[in-house]
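Remarks on the overall topology
Listed below, chain by chain, are the residues.
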Amino acid sequence: MEWRCGCCGRWRVTVELVRGRHRYRLVHRYPDRFGGGKNVLGEVGTVAELTDLLRRHTPLDLADLREAG
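Let me begin by describing the structure that accompanies this report. The structure displayed is predicted, hence computed values, not measured ones.

Thoughts on the overall build of the protein
Within the protein one finds one helix and five strands. Counting helices and strands in the order they occur from the N terminus, the protein gives β-β-β-β-α-β. Its C-alpha atoms give the protein principal-axis dimensions of about 40 × 25 × 20 Å. Within the protein, buried positions represent 32% of all 69 residues. Put simply, of all contacts in the protein between residues at least 6 apart along the chain, 28% involve residues at least 24 apart. When the accessible surface of the protein is totalled, it reaches about 4,800 Å², and 46% of it is carbon and sulfur. Each charge sign in the protein was given a centre, from 13 positive and 9 negative side chains, and these centres are 4 Å apart.

Details of the environment of C7
Tracing the sequence through the fold places C7 in the loop between β1 (2–5) and β2 (11–18). Owing to a relative accessible area of 61%, C7 belongs among the exposed residues under this scheme. Spatially, the C-alpha atoms of C7 and R25 are 19 Å apart, while their sequence positions differ by 18 residues.

Things to note about the side chain of R12
Following the sequence through the fold, R12 ends up in strand β2. According to the relative accessible area criterion, R12 is buried, its value standing at 19%. For R12, the side chain forms a polar contact with the main-chain oxygen of G9, separated by 3.1 Å. Setting aside residues up to four positions removed in sequence, R12 forms contacts with E2, W3, R4, R25, L26, V27 and R29.

Some words on the environment of L17
Counting through the fold element by element, L17 comes out in strand β2. What makes L17 exposed here is its relative accessible area of 59%. The sequence separation of L17 and M1 amounts to 16 residues, and the corresponding C-alpha distance is 9.7 Å.

What about the sheet that holds β1?
Backbone hydrogen bonds are what pair the strands of a sheet, in a parallel or an antiparallel way. Taking strand neighbours across the sheet as the criterion, the five strands line up as β4-β3-β2-β1-β5 in an open arrangement whose pairing is antiparallel. Two strands bound the open sheet, and with one partner strand each, they are β4 (38–44) and β5 (65–67). For this sheet, the mean angle separating the axes of adjacent strands, direction not counted, is 25 degrees. Bridging between β1 and β5 involves three bridges; their strand directions are antiparallel.

About the thresholds
Residues numbered from 1 in each chain as written. Predicted model: local features only at pLDDT ≥ 70, side-chain atom pairs only at ≥ 80, totals over all residues. Heavy atoms only, no water. Helix = DSSP H or I, 4+ residues; strand = E, 2+ residues; numbered from the N terminus. Buried < 20%, exposed > 50% of the residue type's maximum accessible area, 1.4 Å probe, protein only. Contact = heavy atoms within 4.5 Å. Areas by Shrake-Rupley, 256 points an atom, 1.4 Å probe, with all protein chains shown as cover. Lys, Arg positive; Asp, Glu negative; His and termini not counted. Charge placed at Lys NZ, Arg CZ, Asp CG, Glu CD. Polar contact = N/O pair within 3.5 Å; in protein donor to acceptor, adjacent residues only side chain to side chain. Pairing = 2+ DSSP bridges. Axes fitted to C-alpha atoms, helices over the stretch in contact; angles between N-to-C directions.

Encoded structure:
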């Protein structure tokens with residue numbers, strides 16, 4: 001599962017199930033005109049920690065994320 005920011009789509013949060021626990025990974029993707037690629041900013045195990053991670057590294061809140069389909 002992946003969530004993207006509604007503003008530009010460059011901020012993404014992936015959700016993976018690892019050993020029965022959810023892991024949330026925050027990634028910043030660079031536009032193709034700058035060479036593409038991604039920068040993993042952090043990985044946490046709870047939604048509360050994800051909220052804190054977003055607050056520290058992005059201008060976003062959980063409400064700004066949309067499920068990517």
